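Working through the structure, step by step
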Amino acid sequence: MFLEECQILENKFVGDRYYLMKIQAGKSAGVSKAGQFFMLKCKNDIRVLRRPISLHFADSENSTLEFYYEVKGGGTNEFSSLKPGDSINVQGPLGNGFNTEVEDKEIMVIGGGMGIAPTKYLIEKLSKNNRVTFIAGGRDAGAVKILENLNLDGVKVCVVTDDGSVGEKGNVVSIMQKVLIDNKIDLVQTCGPHKMMEAVAKVALENDIECEVSLEERMACGIKACVGCSIKTLDGMKKVCYDGPVFNAKIIVDVNPKENVGCSCN
Ligand SMILES: Cc1cc2nc3c(=O)[nH]c(=O)nc-3n(C[C@H](O)[C@H](O)[C@H](O)COP(=O)(O)OP(=O)(O)OC[C@H]3O[C@@H](n4cnc5c(N)ncnc54)[C@H](O)[C@@H]3O)c2cc1C
Ligand code: FES
């Protein structure tokens with residue numbers, strides 16, 4: 001984990017409330033894994049806590065990092081006002097990341113809404129040695145515009161929006177079920193709203209497919225030093241910032257509940 005003061009190279013408006021930031025990092029770019037995240041520092045001292053943002057892409061050759069973010073409140077609004085040449089302090093990479101040490105497998109990557117953020121680097125890593133099907137979903141055209149920034153050569157892509165303005169009208173789970181009728185999938189990796197991931201994980205587990213989910217919890221420290229991000233799983237209490245954010249769906253979703261354990265991603 002590194003603490004780096006980085007120069008902003010780009011901070012582009014993507015659409016709606018979405019932005020894409022590219023920074024000149026240091027050593028962190030060479031060691032970052034898909035699915036890890038960084039804690040970004042706000043300049044305004046009122047906002048003491050750093051904001052967790054997933055790694056969108058890392059270019060180890062040029063030591064650059066990309067973050068795709070949505071303006072939600074004061075912190076992300078501040079990030080959106082930064083200009084090329086400004087600096088930002090980043091801490092990371094943090095968390096475990098997705099399993100990318102796989103070869104010759106059929107992999108389904110499912111990103112919903114802001115959950116598309118970590119899929120750029122994930123797909124880049126996986127598609128070198130595997131066959132990847134990518135299902136990307138969002139509310140409307142603006143929510144999936146970021147796909148223009150992904151290199152999807154050789155990847156089977158299915159886009160779905162709630163309002164049908166781009167791709168199919170519907171949701172990622174119905175597309176997932178359709179794809180599973182004709183295709184054998186070895187591994188599902190997903191990031192998105194909790195309800196979406198719960199549904200994806202259930203379908204995967206019911207079909208005996210290994211599944212990884214990337215959870216989001218409000219975080220204070222990001223480095224296992226508080227209890228801000230603790231969640232109850234079927235394997236005991238876990239800290240999302242340290243044990244995750246990526247978890248094996250088996251410990252998050254009980255497909256055959258004896259009692260109502262439920263899903264911790266609520
Ligand atoms: C591991 C991880 C990775 C993330 N990756 C991304 C990413 O790639 N892109 C992105 O846009 N966002 C991401 N988030 C969510 C992001 O951290 C929050 O949206 C951000 O911290 C909000 O800060 P703010 O100051 O703008 O808003 P605040 O003023 O702090 O809050 C505004 C709103 O955002 C909600 N919010 C605050 N913190 C979180 C949080 N941790 N998770 C969900 N909602 C939150 C609040 O409930 C409130 O409704 C990630 C969160 C985690 C935990
Ligand atoms: S955010 Fe402090 S322990 Fe995870």
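Quick summary incoming for the structure in this document. (Residues numbered from 1 in each chain as written. Chains lettered and ligands numbered in written order. Predicted model: local features only at pLDDT ≥ 70, side-chain atom pairs only at ≥ 80, totals over all residues. Heavy atoms only, no water.)

**Some words on the layout of surface pockets**
Within this model, the largest pocket holds a volume of roughly 1,400 Å³. Taken together, 48 residues line the largest pocket, and the ones lying closest to its centre are Pro52, Glu70, Lys72, Met114 and Glu216. When residues of the lining of the largest pocket are traced back to their parent elements, those giving at least two are strand S4 (51-54), strand S6 (64-70), helix H2 (74-80), strand S9 (131-138), helix H4 (172-182) and helix H5 (194-206). Per-element tally for the lining of the largest pocket: the top contributor is S4, with four residues. Each residue belonging to the lining of the largest pocket can be placed in one class, and the counts come to 21 nonpolar, 17 polar and ten charged. The computed volume of the second largest pocket comes to approximately 160 Å³. (1 Å grid on protein atoms, 1.4 Å probe; cavity = no way out; pocket = protein on both sides within 12 Å on 5 of 7 lines; lining within 4 Å. Points joined across faces, edges and corners; volume = space filled by probe spheres on them. Helix = DSSP H or I, 4+ residues; strand = E, 2+ residues; numbered from the N terminus. Nonpolar A, V, L, I, M, F, W, Y, C, P; charged D, E, K, R; others polar.)

**What to know about the packing of aromatic side chains**
The final tally for this structure, using the stated rule, is six aromatic pairs. Between tyrosine 18 and tyrosine 68, the ring centres sit 6.0 Å apart and the planes meet at 35 degrees, which makes this aromatic pair tilted. Note that tyrosine 18 is positioned in strand S2 (residues 18-24) and tyrosine 68 in strand S6, a separation of 50 residues in sequence. For the pair tyrosine 18 and tyrosine 68, a shared accessibility class is recorded, and that class is buried. Note on phenylalanine 57 and tyrosine 121: the rings are 5.4 Å apart at their centroids and 80 degrees apart in plane angle, and the pair reads as edge-to-face. Of this pair, phenylalanine 57 sits in strand S5 (residues 57-59) while tyrosine 121 sits in helix H3 (residues 119-126), and the two are 64 residues apart along the sequence. Across the pair, tyrosine 121 and phenylalanine 57 agree in class, each one buried. (Phe/Tyr/Trp six-rings, centres within 6.5 Å; stacked < 30°, edge-to-face > 60°. Buried < 20%, exposed > 50% of the residue type's maximum accessible area, 1.4 Å probe, protein only.)

**Considering H3**
Burial within H3 is extensive, with six of its eight residues counted as buried. All of the buried residues in H3 are Thr119, Lys120, Tyr121, Leu122, Ile123 and Leu126. The secondary structure elements touched by the buried residues of H3 are S5, S6, strand S8 (106-112), S9 and strand S12 (187-191). (Contact = heavy atoms within 4.5 Å.)

**Considering the nonpolar core**
Ranked by internal contacts, the top residues of the largest apolar core, which has 49 residues, are Ile23, Leu65, Ile88 and Phe134. A per-element tally of this core places S2 first, with five residues. Residues within four places of isoleucine 88 in sequence aside, it is in contact with Glu4, Glu5, Cys6, Ile8, Met21, Ile23, Leu40, Lys41, Lys43, Phe79 and Leu82. Counting 36 residues, the second-largest nonpolar core is a separate cluster that includes Ile175, Leu205, Cys211 and Val213. (Core = buried A, V, L, I, M, F, W, Y, C linked by side-chain atoms within 4.5 Å.)

**Focus on unusual backbone geometry**
For the bond from glycine 92 to proline 93, the omega torsion is 0 degrees, close enough to zero to count as cis. Relative to the helices and strands, proline 93 is located in strand S7 (residues 87-94). Going from glycine 244 to proline 245, the amide bond is cis rather than trans, its omega being 10 degrees. Although it is not a glycine, aspartate 16 adopts a positive phi angle of roughly 50 degrees. One can find aspartate 16 in the loop between strand S1 (2-15) and S2. You can call aspartate 16 partly exposed: its relative accessible area is 43%. Backbone geometry places serine 63, a non-glycine residue, at a positive phi of 55 degrees. By the element assignment, serine 63 lies in the loop between S5 and S6. In this structure serine 63 comes out as partly exposed when scored by relative accessible area, which is 21%.

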